[in-house]
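Structure assessment
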Amino acid sequence: MTTADLPAFPGERTARCPFNPPAEYTRWRKEEGLRRVNWNGHTVWAVSRYEDIRTAMTHPAVSAEVLGVLQGNGNQGGPNAPETFPRMDDPEHARLRRMLTKDFTVKRVNAMRPRIEEMANDFIDKMIAKGQSGDLVQDYALPIPSLVISLLLGVPYTDHDFFQTITSTLMNMNTPPEEKARASREFFGYMMELVARKEREPGDDLMSRVIREHVQTGELRRETAAMNGQILLNAGHETTANMIALGTAALLENPDAAASIRDTDDPAVIANAVEELLRYLTIVHSLIARIATEDVEIGGTLVKAGEGLIMNLPAGNWDSTFTAEPEMLDLDRPARGHLAFGYGVHQCIGQTLARAELEIALRTLLRRLPGLRLAVPIEEIRFRNDMSIYGVHELPVTW
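Calculation criteria
Sequence positions are assigned chain by chain, starting from 1 and proceeding in written order. Whole-chain, interface and lining totals are the exception, using all residues; otherwise, since this is a predicted model, local features are given only for residues with pLDDT of at least 70 and side-chain atom pairs are given and counted only at 80 or more. Side-chain metrics rest on all non-hydrogen atoms present in the structure, leaving aside hydrogens and water. Note: two strands are recorded as paired if DSSP finds a minimum of 2 bridges between them. Numbering of helices and strands runs from the N terminus, with a helix taken as a DSSP run of H or I at least four residues long and a strand as a DSSP run of E at least two residues long. Every angle, taken between N-to-C directions, lies between 0 and 180 degrees, and every axis is a line fitted to C-alpha atoms, over only the stretch in contact when it is a helix. When an angle is under 35 degrees it counts as roughly parallel; over 145 it counts as roughly antiparallel; between 65 and 115 it counts as roughly perpendicular; any other value is oblique. Whether two residues are in contact is decided by their heavy atoms: any pair within 4.5 Å suffices. Any residue that is not Ala, Val, Leu, Ile, Met, Phe, Trp, Tyr, Cys, Pro, Asp, Glu, Lys or Arg is counted as polar, Gly included; the first ten are nonpolar and the last four charged. Put simply, a salt bridge is a Lys or Arg side-chain nitrogen that is within 4 Å of an Asp or Glu carboxyl oxygen. Buried means the residue's accessible area, taken with a 1.4 Å probe over protein chains only, is under 20% of the maximum for its type, while exposed means over 50%, and partly exposed covers the values in between.

Side note on the sheet that holds strand S4 (residues 133-135)
Pairing within the open sheet is antiparallel, and its 3 strands lie in the order S4-S10-S9. Among the strands making up the open sheet, the edge pair consists of S4 and strand S9 (373-374). With 3 bridges connecting them, S4 and strand S10 (residues 396-398) associate as antiparallel partners. Looking across to S10, one finds that Gly134 is bridged to Val397.

Rendered as structure tokens:
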């Protein structure tokens, strides 16, 4: 069987059940072993069970170093290619990641919460000033994380149209390879210019700090600082924006769940609700790739050295061995331990910030606009089956 004959990964969520993982994922969990799939033209093993994903993401014979093998790296390849911490193994992964983590600590994020809440209220004020309807993606879900990550990195927010457009091109699974390579070069060039500017005019931001502490000491190349800044800028707005918009859509389709967030003053209740939404929706559905460095058995399947694996996070988070009745959106369930941010040493570096943004954005929105509702039937909304990060292209709402 050729790669083209295999089922495409990720599968499509249906208009009838847009919040549910593709139906075939249930079958893949129940079948023995792993499932061969076509991922970006590569034959890889889809890992769909909760425990199998955890095993694959922590096994010493499974590597994150897939660039140039399973995943392109734009036109910054070759022996002098910038290092990217998500696509490195320890100890080099840990060394580079440590240079970035102090800007994403719980203490730092908690200090940012009042500013994030101020942003949320400001964008809602602008929505209300324009009338009684709008696109929640463009008016609220996208601006908040874009502004937050811009401030954190030291990227001018006035450039948000540029990096949002470039990110959309790179995340679109139908973008031709040559167009992705052009967009990647353009984005990298922008970040190299930012690095040069921060060297001349440092500020109180992550990029300035990394340049001062690691680039100017000779510990880190400018290209590596630029590339990892690009990764943080890309992921920092794209994932959270889609979770805000998709989470809102799911809550509006489940009014009791929306009310439980709107009507509580208990931060623990809101925090747990966000964990359940992260589990239930699992928007990162096609990005976590790995490669076997030696023969290894995972989920009853012998994965041979050199073979690729793709972590089927939506399927893992709907595995009944992890939580009972996974198809139910239950904001009271203890949802911690989900795989929405990955697992092991490569878990999302910005997960604490993402949680804070989601908690603030969703509760502020529901509190300020208690009459919020979808402006069109759910079947008419364009869901992002064509993108590497799931969500909605637009979310027409009224209040």
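Re the pairing of strand S1 (residues 35-39)
Bridge analysis of S1 against strand S2 (residues 42-47) gives 5 bridges, and the strand direction is antiparallel. Bridged to Trp39 within S2 is His42. In this antiparallel pair of consecutive strands, S1 and S2, the connection spans 2 residues, and Asn40 shows a positive phi of 55°.

Quick word on the sheet that holds strand S8 (residues 308-311)
Hydrogen bonding along the main chain pairs the strands of a sheet, whether they run parallel or antiparallel. The strand order S1-S2-S8-S5-S3 describes an open sheet built from 5 strands, whose pairing is mixed. Looking at strand neighbours, the two that pair on one side only are S1 and strand S3 (62-63), the edges of this open sheet. As paired elements, S2 and S8 share 4 bridges and run parallel to each other. Considered in S8, the bridge of Val44 is made with Gly308.

Thoughts on the packing of helix H8 (residues 177-200) against helix H9 (residues 206-215)
Contact geometry of H8 with H9 gives a least axis separation of 9 Å together with a crossing angle of 75°. By the angle between their directions, the pair H8 and H9 is classed as roughly perpendicular. The segment H8 lies against H9, with Met191, Leu194, Val195, Lys198 and Glu199 engaging Met207, Ser208, Ile211 and Val215. Each residue belonging to the contact of H8 with H9 can be placed in one class, and the counts come to 6 nonpolar, 1 polar and 2 charged.

Side note on the pattern of salt bridges
Per the counting criterion, the structure on display carries 28 salt bridges. Measuring nitrogen to oxygen at the nearest pair gives 3.5 Å for the salt bridge that ties Arg95 to Glu83. Here Arg95, found in helix H3 (residues 92-101), pairs with Glu83, found in the loop between S3 and H3; they are 12 residues apart in sequence, far enough to count as distant. Given the relative accessible area of 24%, Arg95 is considered partly exposed. The shortest N-O distance in the salt bridge between Glu199 and Arg222 comes to 2.9 Å. Taken together, the residues span a long stretch of sequence, with Glu199 in helix H8 and Arg222 in helix H10 (residues 222-252) at a distance of 23 residues. Using a relative accessible area of 24% as the deciding quantity, one classes Glu199 as partly exposed. The exposure class of Arg222 is partly exposed, given its relative accessible area of 40%. One connected set of salt bridges, linked through shared partners, spans Lys102, Asp103, Arg108, Arg209, Arg212 and Glu213.

Remarks on unusual backbone geometry
The residue after Phe9, namely Pro10, is reached through a cis peptide bond having omega 5°. For Pro10, the location among the structural elements is in the segment before helix H1 (24-30). Between Asp90 and the following residue, Pro91, the backbone shows a cis peptide bond with an omega angle of 10°. Positive phi, close to 40°, is recorded for Thr282, a residue that is not glycine. On the secondary structure map, Thr282 appears in the loop between helix H12 (267-281) and strand S5 (289-292). In the Ramachandran plot, Glu325 falls in the positive-phi region, its phi being about 45° despite a non-glycine side chain. With respect to the secondary-structure elements, Glu325 resides in the loop between helix H13 (313-317) and helix H14 (351-368). We classify Glu325 as exposed; its relative accessible area is 56%.

Any link to function would need more than the numbers given here.
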